[in-house]
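Each chain, written out:
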There are 4 protein chains.
Amino acid sequence: MYHFQCDYSEGAHPRILERLQETNMEQTVGYGEDKYCLDAALKIGSAIGRHDVDIHFLTGGTQANMTVISSILRPYQGVICATTGHINVHETGAIEHSGHKVLALPAVNGLLSADAIDNIMKEHFAEDGPEHTVQPGMVYISFSSEVGTVYSLAQLKDIKGVCSKYGLPLFIDGARMGYGLAAEGCDVELSDIASLADVFYLGGTKQGALFGEAVVIVNDALKKDFRYNIKQNGGMLAKGRLLGIQFQTLFEDGLYFELSRHAVAQAMRIRDAFRAKGYSFLVDSPTNQQFPILHNDMLESLSGKFKFSIWQKVDENHTAVRFCTSWATTAEAVDALVASI
Amino acid sequence: MYHFQCDYSEGAHPRILERLQETNMEQTVGYGEDKYCLDAALKIGSAIGRHDVDIHFLTGGTQANMTVISSILRPYQGVICATTGHINVHETGAIEHSGHKVLALPAVNGLLSADAIDNIMKEHFAEDGPEHTVQPGMVYISFSSEVGTVYSLAQLKDIKGVCSKYGLPLFIDGARMGYGLAAEGCDVELSDIASLADVFYLGGTKQGALFGEAVVIVNDALKKDFRYNIKQNGGMLAKGRLLGIQFQTLFEDGLYFELSRHAVAQAMRIRDAFRAKGYSFLVDSPTNQQFPILHNDMLESLSGKFKFSIWQKVDENHTAVRFCTSWATTAEAVDALVASI
Amino acid sequence: MYHFQCDYSEGAHPRILERLQETNMEQTVGYGEDKYCLDAALKIGSAIGRHDVDIHFLTGGTQANMTVISSILRPYQGVICATTGHINVHETGAIEHSGHKVLALPAVNGLLSADAIDNIMKEHFAEDGPEHTVQPGMVYISFSSEVGTVYSLAQLKDIKGVCSKYGLPLFIDGARMGYGLAAEGCDVELSDIASLADVFYLGGTKQGALFGEAVVIVNDALKKDFRYNIKQNGGMLAKGRLLGIQFQTLFEDGLYFELSRHAVAQAMRIRDAFRAKGYSFLVDSPTNQQFPILHNDMLESLSGKFKFSIWQKVDENHTAVRFCTSWATTAEAVDALVASI
Amino acid sequence: MYHFQCDYSEGAHPRILERLQETNMEQTVGYGEDKYCLDAALKIGSAIGRHDVDIHFLTGGTQANMTVISSILRPYQGVICATTGHINVHETGAIEHSGHKVLALPAVNGLLSADAIDNIMKEHFAEDGPEHTVQPGMVYISFSSEVGTVYSLAQLKDIKGVCSKYGLPLFIDGARMGYGLAAEGCDVELSDIASLADVFYLGGTKQGALFGEAVVIVNDALKKDFRYNIKQNGGMLAKGRLLGIQFQTLFEDGLYFELSRHAVAQAMRIRDAFRAKGYSFLVDSPTNQQFPILHNDMLESLSGKFKFSIWQKVDENHTAVRFCTSWATTAEAVDALVASI
């Protein structure tokens, strides 16, 4: 039975395994200071169009989020995010474990607005005795978001504007960055991300690697001693080369973008098939995650043939579900799904 | 200009200062192991009707909350509370600083419901992979609440019921316990608190002491090594006797309850005066905090004569404010306020 | 039986209680923003000879240490101190609880040396991969030390020199600052402390107050948002005026220094009496703590008449003990002790 | 130039890469709940001779240490270890970051003694006011140790004895477990480890895997909710199967033990070559790490031909160095090294 449950069901793109094989018995220094990591960083620098950044490779998203966020905030500060933000709902309180409150703001379709950020800042400093409440210290957004949506360039610029106004670093979780950039109608380029974010990462785990996220620190003020933070948070891989080799491969010849486009194209086929049959969606997503609302009969029928996620009960008779595509999704599997719809 | 701004504007009840004076040059052992702390604990035990509890004296509310909560939770657990809960909004993230998420649930008039607790528990364990989200590990409520309301005995029993169902310790923040118990129409006794809560505290700071909160641990499983937690959290007073003497005084001859009744009686006079003039209230409070909604003209006029807190803008022309009474509020000051209304 | 066990056996200097009495029913704003705190800060500024500092009043030493240290360090940094340092041995791991390693260095007579600091810094940065070990981020010393000794001005300047060389903030724990400054032969003035330390505090608890420590932040870079840290660590007293009134009194007409001199003078009488009888000492202390080494017979005999602390077994037949004097120690009690020796 | 610098210079044993290749496009569930993890756990259970344990796969040693230790300790507790313990010196304070003091005890040749543990426990509870110091809450040892030594079965039993006496869980860091068990003269079996430890892990990173450590929880009381801890600490790999496949391979047909024996055999050849030439050693190690003390001339000459680690300056003219072998060390490289010696 084919899985559309998530975007990390398979291993890695075959080219990555080949490279691991080829380099397997080479001896390198550890902890991310080898030539593969160096080269991967260069290739990512080229992809984002600038080399004045620091790039670190971590093994997973929760780890990247907690390491970056706790490296930026002062003890009494919290991180602003959408209520749907991954750090707010799906990381077992890793941010709070590092001592910081997640300041979750209501968001439409998983997207935080500049106004919401502006309001919380105004309110905080308007208080008589702001020191009695957590000080917002940075902003976290996801691109693409946890429900598959993407910010427009104008929206990102507005968010950046309010961040600059208050001196708030902007951190973009890019666990699904490639799928976001490949979204239908997306007017954001990777270079925009790099010029708007203070820190962001390029996800590997969900985008064709075995595992790994490439953290890009753009803001000079946030670069110092970052490796200490990685190590302290248990994220420094002894054989760092494994990450270097993977990202080197993904950012060679545009593979990262190609795989992303493939996943989105397959997702659009699924979306169109549901749309054609008149289904509505929980959220209108232009990326690799699709959230059609199914009648219970349809839910039962489809779940006999495919695996997908139950997302949210909508009413007595309807449930929103999630179909995920990825770099690995085969056109044949989508053909079968479309046929079943 | 008279302050109705809060319930900690003055020093302490005069009898407390006398006792400090009388005992000043006595030599005692430190850290809360002196005879005054011992006697204060006995008197509190008598007041709550049982002596099989552990009683510790801490210097303030935030400290009491963070020490108790972090002593109970496992690292991956969070504490359920109302969105208005003091730990959620007014303690600069002290709970998160100790590593735990505050799981804030919407609450009506500052009161958490048994159903809301039941729902979050059901949802958590119904998840496919509950370990990806924070596990609710205890419940925090305030009596009286941050907006002056009190739970009925039936409501407390319902909350206790759902806590027992899921094995959640129930912690009652009693910074204003006396004012709550003295509330008009309150059917809860201190002995009920002691039989329903696993831990609670009796506030001193807002109830006639210079400072101090008496933490009462009822549940045997939560008693072990609590003094280590106090010390580690910076809350172990070298001259612990200062707390012993204060609580000994407050719980002698019912002073604590007498002071509480006085404060509530004065608050009722204020409430009635506003009511008589047709003012509405943000919340219907039977305790020492009153939240009338004032037209801006009235706001301006009153603020020329009294100090009180701006609570919340209601609309363009109206603002909810807070008038607080306390053990120290004079009948004359209330006369003057009532006359101005 | 008279206690020489510690320097916090009694309440407070009578003048403090008088002032609390006089001001008791005044209404003030809370949280340390009242006129008494303001005036106390001015008086302390005068005592240290500069007013370009930030002064905050906290309730105890462990709290002051944990709040200051955790406000300065980055997550991956630790604090250098002597193995005998209070934060290393007697605060139940409050520093580690806030996430930081205490980097304890062997020290002679409780005094850290500039060389020891220089060495740990050199070693750290000489490492191949310093990010695998905790980065030393500040220095903590106590004046007077936990075993009653004091640094000379030259020693303090050397320590400051090495701190400046590596950019390490210097924090001086002054729980017994007055007793240190009053030490026999001490060539350090309070103004020296203020020009050498980045942060320090003036202890109240052991120096004549009911409780309280006055934290003085000298280094501008460490001043920002300190009140958030106080609140988050549970150290912001609602009735902050209690601390203001106490420090105002202690720093009026030189009372703080007078009390300190008294305590040291009484300690010197105890020291001289033991010396005259040929006793040796665990450490040669010129302040209010004396550590004579007693034969077990003497130990037994004295402990029938006075309370004092057992410090350390020296050999089968001898034990080092501690006699503490304080602002409250009476000449009569010392007469009796001297007679018994 | 051949690296003897560490035991993680190469990728993984070829059989592991083959299995990753074979299974690459299979779709599995995430987060360690796939069939490969299940099977790997079964195989490890067989290797240790019992199946009543919980087995979790984490990505690295620091992460395993911090996750296990912080899951066991109460907030005010610390972990006993040798001063040379990895958690004390080489993890950037990850344990302190999780809130706990590392209670480092002097150790001979990297081995903690039962007596040292007994002493610290006796001292702690003999204190007048133990709550002022960190309570020792568990014991951490490494097998083999950070300097290549191994405990005898009698030593382990003694340690277990004192742990049982005080109710201290015993945690064995097995980053180099295989090399320890394969040590010359070692009388400890893997089944002994499993019956003496409350928790331990079997290292993969240094023992033939790309990365990964298999944490084995023996003590039932420590099993509950461990997956929450993994997730919160950023250690839950999305594609958990990668770890399952690796450990499945290592524990099939005794590969893990075979690779360990190979590494130790090569190390013994190096040791014997140095011995034959009269060199002395910093520590007498029967495992894959060797610490000969070289004259500076020899150091210079050898470092022109091989990479190895500078460990510790012994005197003006001598330096202790470390040669590491591993599963991947070729007999040819050792031939060349032996020839150069």
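Everything discussed here concerns the structure shown above.
Worth saying up front: this structure is predicted, and the values here are computed from it rather than measured. (Residues numbered from 1 in each chain as written. Chains lettered and ligands numbered in written order. Predicted model: local features only at pLDDT ≥ 70, side-chain atom pairs only at ≥ 80, totals over all residues. Heavy atoms only, no water.)

### A short note on the interface of chain B and chain D
Here is step 1 of the chain: Contact residues are listed per partner, giving 25 residues for chain B and 25 residues for chain D.
Here is step 2 of the chain: Carbon and sulfur atoms supply 45% of the area buried between chain B and chain D, which totals about 2000 Å² over both sides.
Here is step 3 of the chain: On the chain B side of the contact with chain D, B:Tyr76, B:Glu131 and B:Tyr228 bury the most area, a combined 39% of that side's loss.
Here is step 4 of the chain: Counting every contact that joins chain B to chain D gives two salt bridges.
Here is step 5 of the chain: Residue D:Arg227 pairs with B:Glu131 through a salt bridge whose shortest N-O separation is 2.6 Å. (Contact = heavy atoms within 4.5 Å. Buried area = accessible area lost by both parts, 1.4 Å probe. Salt bridge = Lys/Arg side-chain N within 4 Å of Asp/Glu carboxyl O.)

### Details of the interface of chain C and chain B
Here is step 1 of the chain: Contacts between the two partners involve 46 residues from chain C and, on the opposite side, 46 residues from chain B.
Here is step 2 of the chain: Where chain C abuts chain B, roughly 4200 Å² becomes buried across the two surfaces, and 55% of that area is made up of carbon and sulfur atoms.
Here is step 3 of the chain: The largest share of the area that chain C buries against chain B comes from C:Gln27, C:Gln232 and C:Lys239, three residues that together contribute 18% of it.
Here is step 4 of the chain: For the interface between chain C and chain B, the tally reads 29 residue pairs in polar contact (both at pLDDT 80 or more).
Here is step 5 of the chain: Looking at the side of chain C that touches chain B, the elements that each hand over two or more residues are strand E1 (2-3), helix H1 (14-23), helix H3 (61-72), helix H5 (94-97), helix H10 (226-232) and helix H11 (241-250) of chain C.
Here is step 6 of the chain: No other element matches the four residues that H1(C) contributes to the side of chain C that touches chain B.
Here is step 7 of the chain: Here the side of chain C that touches chain B is built from residues that sort into 21 nonpolar, 19 polar and six charged. (Polar contact = N/O pair within 3.5 Å; in protein donor to acceptor, adjacent residues only side chain to side chain. Helix = DSSP H or I, 4+ residues; strand = E, 2+ residues; numbered from the N terminus. Nonpolar A, V, L, I, M, F, W, Y, C, P; charged D, E, K, R; others polar.)

### Digging into the relation of the copies chain B and chain D
Relating the two copies of this chain is a rotation about some axis coupled with a shift parallel to it.
Here is step 1 of the chain: Mapping chain B onto chain D calls for a rotation angle of 180° and an axial translation of 0.0 Å; the resulting RMSD is 0.0 Å. Taken together, the turn and the small shift mark the pair as related by a two-fold rotation axis. For chain B, the residue whose C-alpha comes nearest the rotation axis is B:Arg74, separated from it by 4.2 Å.
Here is step 2 of the chain: A shared binding surface is used by both copies, with 100% of the interface residues of chain B retained as interface residues in chain D. (Least-squares fit on C-alpha atoms with pLDDT ≥ 70 in both.)

### Thoughts on the sheet that holds strand E3 (residues 77-82) of chain A
Residues and elements named next belong to chain A.
Here is step 1 of the chain: The strand order across the open sheet built from seven strands is E2-E8-E7-E6-E5-E3-E4, with neighbouring strands paired in mixed fashion. Two strands close off the open sheet at either side, each with one partner strand: strand E2 (54-58) and strand E4 (102-105). Strand-to-strand twist of the sheet, defined as the mean angle between neighbouring strand axes without regard to direction, takes the value 25°.
Here is step 2 of the chain: Here E3 pairs with E4 via four bridges, running parallel. Directly across from Cys81, in E4, lies its bridge partner Ala104.
Here is step 3 of the chain: Of the strands in this sheet, E3, E4 and strand E5 (135-142) are in contact with helix H6 (residues 114-126), which crosses E5 at around 170°. (Pairing = 2+ DSSP bridges. Axes fitted to C-alpha atoms, helices over the stretch in contact; angles between N-to-C directions.)

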